[in-house]
2 protein chains.
Amino acid sequence: MDMRRLEVFYHVVEEGGFTRAATVMNLTQPTLSAAVRQLEDDLGTQLLNRLGREVSPTSAGRLLHGYARRIFALRKKAIAELTSLRTGDQGELLLGGSTIPGTYILPRLVADFSRQHAQIRVSLQLAATATIVNDLRQQRLELALIGGEINDRAFEVIPCFSDELVVIVPFDHQWSTGASIAEQELNNVPLLLRERGSASRKVLEARLESRGVSLDPENMVAEVGGNEALKQGVLAGLGAAVISRMAVAGELQRGELAELQLAGGPLQRRFYLLHARRVKLSVAAERFKSLVLSRGRTAVDSLDK
Amino acid sequence: MDMRRLEVFYHVVEEGGFTRAATVMNLTQPTLSAAVRQLEDDLGTQLLNRLGREVSPTSAGRLLHGYARRIFALRKKAIAELTSLRTGDQGELLLGGSTIPGTYILPRLVADFSRQHAQIRVSLQLAATATIVNDLRQQRLELALIGGEINDRAFEVIPCFSDELVVIVPFDHQWSTGASIAEQELNNVPLLLRERGSASRKVLEARLESRGVSLDPENMVAEVGGNEALKQGVLAGLGAAVISRMAVAGELQRGELAELQLAGGPLQRRFYLLHARRVKLSVAAERFKSLVLSRGRTAVDSLDK
DNA sequence: CATATCCATAGAAAACTCCTATATGTAAAA
DNA sequence: TTTTACATATAGGAGTTTTCTATGGATATG
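### Side note on the overall build of chain A
- If you tally the helices and strands in chain A, you get 10 helices and 12 strands.
- At 32 Å, chain A has a C-alpha radius of gyration far larger than the 19 Å of a compact globule built from 305 residues.
- Each of the three principal axes of chain A carries a C-alpha extent, and together these read 105 × 35 × 30 Å.
- Classification of the 305 residues of chain A by burial places 50% in the buried group.
- Restricting the contact set of chain A to residue pairs at least 6 apart, pairs at least 24 apart contribute 72%.
- If you sum the accessible surface of chain A, you get close to 14,600 Å²; carbon and sulfur atoms cover 47% of it.

### Side note on the pattern of salt bridges
- Tallied over the entire structure, the rule returns 36 salt bridges over all chains.
- Between Glu40 of chain B and Arg50 of chain B there is a salt bridge whose closest N-O contact spans 2.9 Å. Of the two residues, Glu40 of chain B sits in helix α3 (residues 29-43) while Arg50 of chain B sits in strand β1 (residues 48-50), which places them 10 residues apart along the sequence.
- Relative accessible area serves as the criterion here: at 10%, Glu40 of chain B is assigned to the buried category.
- A relative accessible area of 34% means that Arg50 of chain B is categorised as partly exposed.
- Between Glu205 of chain B and Arg201 of chain B there is a salt bridge, with its nearest N and O atoms 3.0 Å apart. Of the two residues, Glu205 of chain B and Arg201 of chain B are both situated in helix α7 (residues 199-210); the distance of 4 residues between them amounts to about one turn of the helix.
- What emerges from the salt-bridge pattern is a single network uniting Glu228, Lys231, Glu251, Arg254 and Glu256 of chain A.

### Quick notes on the confidence of the model for chain A
- Here chain A averages 85 in pLDDT, and 96% of its residues register 70 or above.
- Low pLDDT, under 50, characterises residues 301-305 of chain A; the stretch is placed with 5 contacts to residues that sit more than four places away or in other chains.

### Focus on the protein's contact with DNA strand D
- Near DNA strand D you find 20 residues, and of these Arg5 of chain A together with Phe18, Thr19, Ser33 and Arg50 of chain B are the closest.
- A share of 75% is what sugar and phosphate atoms reach among the atoms of DNA strand D within 4 Å of the protein.
- Taking Thr31 of chain A, its side chain carries an N or O atom lying 2.9 Å from a phosphate oxygen of DNA strand D.
- Side-chain polar atom of Arg50 of chain B to a phosphate oxygen of DNA strand D: 2.6 Å apart, as the coordinates give it.
- Tallying contributions element by element places α3 of chain B first for the surface near DNA strand D, with 4 residues.
- Residues of the surface near DNA strand D, tallied by class, amount to 5 nonpolar, 8 polar and 7 charged.

### A word on the packing of helix α2 (residues 18-25) of chain A against helix α3 (residues 29-43) of chain A
All names here are of chain A.
- Packing of α2 against α3 leaves a shortest axis separation of 8 Å and a crossing angle of 110 degrees. Comparing the axis directions of α2 and α3 gives the class roughly perpendicular. Touching Phe18, Thr19, Ala21, Ala22 and Met25 of α2 are Gln29, Leu32, Ser33 and Val36, all from α3.
- Here the contact of α2 with α3 is composed, by residue class, of 6 nonpolar, 3 polar and no charged.

### Here's the deal with the relation of the copies chain A and chain B
- It takes a turn of 180 degrees to lay chain A on chain B, together with a shift of 0.0 Å along the axis; the resulting RMSD is 0.3 Å. Taken together, the rotation and translation describe the operation of a two-fold axis. Of every C-alpha in chain A, the one belonging to Ile71 of chain A sits nearest the axis of rotation, 2.7 Å from it.
- By residue overlap, the copies meet face to face through one surface: 100% of the interface positions of chain A are interface positions in chain B.

### Observations concerning the protein's contact with DNA strand C
- Around DNA strand C sit 21 residues, and of these Phe18, Thr19, Ser33 and Arg50 of chain A together with Thr28 of chain B come closest.
- Near the protein, within 4 Å, the atoms of DNA strand C are sugar or phosphate in 77% of cases.
- Gln29 of chain A places a polar side-chain atom, nitrogen or oxygen, 2.9 Å from a base nitrogen of DNA strand C.
- Here a phosphate oxygen of DNA strand C sits 2.5 Å away from a polar atom, N or O, in the side chain of Ser33 of chain A.
- Of all the elements in the fold, those that place two or more residues in the surface near DNA strand C are α2 and α3 of chain A together with α1 (3-15) and α3 of chain B.

### Regarding the side chain of Glu251 of chain A
All names here are of chain A.
- Relative to the assigned elements, Glu251 resides in helix α9 (residues 245-253).
- Judged by its relative accessible area of 10%, Glu251 is buried.
- Among residues more than four places away in sequence, those in contact with Glu251 are Lys231, Leu235, Glu256 and Leu257.

### Overview of the pairing of strand β6 (residues 155-170) of chain B
Residues and elements named next belong to chain B.
- Where burial is concerned, most of β6 is hidden: 13 out of the 16 residues are buried.
- Strand direction decides the pairing type here: β6 and strand β12 (residues 267-276), joined by 9 bridges, are antiparallel. From the neighbouring strand, Leu165 faces β12, where its bridge partner is Leu267.
- Direction of pairing for β6 relative to strand β10 (residues 240-244): antiparallel, over a ladder of 4 bridges. For Leu165, the partnering residue across the bridge sits in β10 and is Ser244.
- The pairing of β6 with strand β11 (residues 257-262) spans 4 bridges and is antiparallel. The residue bridging Val169 from the neighbouring strand is Ala258, located in β11.

Here is what the cut-offs are and how they apply
- Residues numbered from 1 in each chain as written.
- Chains lettered and ligands numbered in written order.
- Predicted model: local features only at pLDDT ≥ 70, side-chain atom pairs only at ≥ 80, totals over all residues.
- Heavy atoms only, no water.
- Helix = DSSP H or I, 4+ residues; strand = E, 2+ residues; numbered from the N terminus.
- Rg over C-alpha atoms; globule rule 2.2 N^0.38 Å.
- Buried < 20%, exposed > 50% of the residue type's maximum accessible area, 1.4 Å probe, protein only.
- Contact = heavy atoms within 4.5 Å.
- Areas by Shrake-Rupley, 256 points an atom, 1.4 Å probe, with all protein chains shown as cover.
- Salt bridge = Lys/Arg side-chain N within 4 Å of Asp/Glu carboxyl O.
- pLDDT = per-residue confidence, 0-100.
- Near = heavy atom within 4 Å.
- Polar contact = N/O pair within 3.5 Å; in protein donor to acceptor, adjacent residues only side chain to side chain.
- Nonpolar A, V, L, I, M, F, W, Y, C, P; charged D, E, K, R; others polar.
- Axes fitted to C-alpha atoms, helices over the stretch in contact; angles between N-to-C directions.
- Parallel < 35°, antiparallel > 145°, perpendicular 65-115°, else oblique.
- Least-squares fit on C-alpha atoms with pLDDT ≥ 70 in both.
- Pairing = 2+ DSSP bridges.

Structure follows, in structure tokens:
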């Protein structure tokens, strides 16, 4: 069943005649005549009773007209929704975040964004960097902010926001009065570490390597699979740890944990905003990207110096 | 938004690629490429992300695909319903009947028809002949069985079924023993009549006129607007009446009323099956028409002799 | 009975659809 | 990295379809 002809038929019924319908559709009457006849041939059913003055649908015609109305209403609605999606009035935004940015950075950005774009549903998935990247590739996510570095030309990667890893000890630790320690001294105390492969641990190891120090396995009290658990371990007095400042900002301020300066200077790390290069961003995602960059770009620029 | 292109887009998403969709649609891949591109231009929105290996919809594309699925499902359903309507498997039949045929003939026919075509909803409207004819003209009814004669080439009129008007008197009436009376004798007893213009009255007046008799207004006890009321009047002993045999068959059999033979022979009248000539009958109506004619045609043939 | 109005038909012009051939790009294999 | 396989994009032309103009036929109205 040809949709164009169905549309002609629909208008003919709606206007109660070929000539009137032709006017509405900006076509000529013979065109509509032919279209309806072809539709009737196609369906093998007479759809209209042609009376002299006007035209009325047969029972088959009434049935079909009901369907046609629903079909063209759907089309109209689809166009309207596409338009409002194109102008960014509504839509869905699927975000991903690795642990630190997903916990301490994105929630605030999402809140601000949602306030400005109440019609856009935002979903934020927290997961390991590798999972996030995979979901981006399969388009289960559109945009993500992660901690690990990505070297894949399939993704557009924009450095964005930064974080400092700090050495923390319990507030009553022997070092808690010392303002600064050398990197090698980390081997002199029980140390809690994140798991091998985590971004935090990579940054720490890179710093130690540049100083010619390697971690003494004897000192590792625990390998912990999460920043919160790591923090709890230090709070419990198990030892020292290197952790994102964002994760312990509260505890440091309240004096529950003490912070030490590393001799080699602050341990900086970057976060990265990324999305699949070939997937066109939705208007919503484009807007969120702008928001993230306007907030997080300046912080990175200072790191580059 | 062109429906043909929407259909192409729908299949491309459904099959996950242009080439596969082209195979399914019996078209070539460049055709689909062009169609989707034109659809995207038309809507001003990118609908598909063309990755190297395969193709996936953008968020706009997913939205549109949902609508497309519903639209084409509706079309499919419409075709299915039209087909079952064309083969007469289901549908609606709007019948009309004037008093006598609508009360004493059509109900039985409708019952038989419904038993054979359980899927077809039948509605039967009883009304005066003029109302029925008007409803046929406006297509509120498809087919009707009436008593009055119609002279309008807009209708196909088929004589069908017949009825006899009989003279009835109360069972204890002075005439109730007499087997036959002359027409002019009707003026010698109180007479109940149907209203002027009713088909029954026209038939009676025509017979009297052919005998050179006219009704004596003095004798008319009542002009009654309905056969049932007329019958009750005679049963109550108000006088004699001329009425359809069908309306009093039970009373005659039970001896509650007595029947007289007119000297001029039985007063026959015909019924007519009719429908608007220009309106194509539905399959259901066509079948009902056949049923009516097979039952009612023979009875009429005998009248023509 | 003439007139106005509406639908059907015929044939030609315009538009579009679809195809073939080819280019380009991507992902997996050598 | 280069090759191979596979997928989409592009260009131009053949074929079909759509649409138009002109005209004829049927019906209701004055």
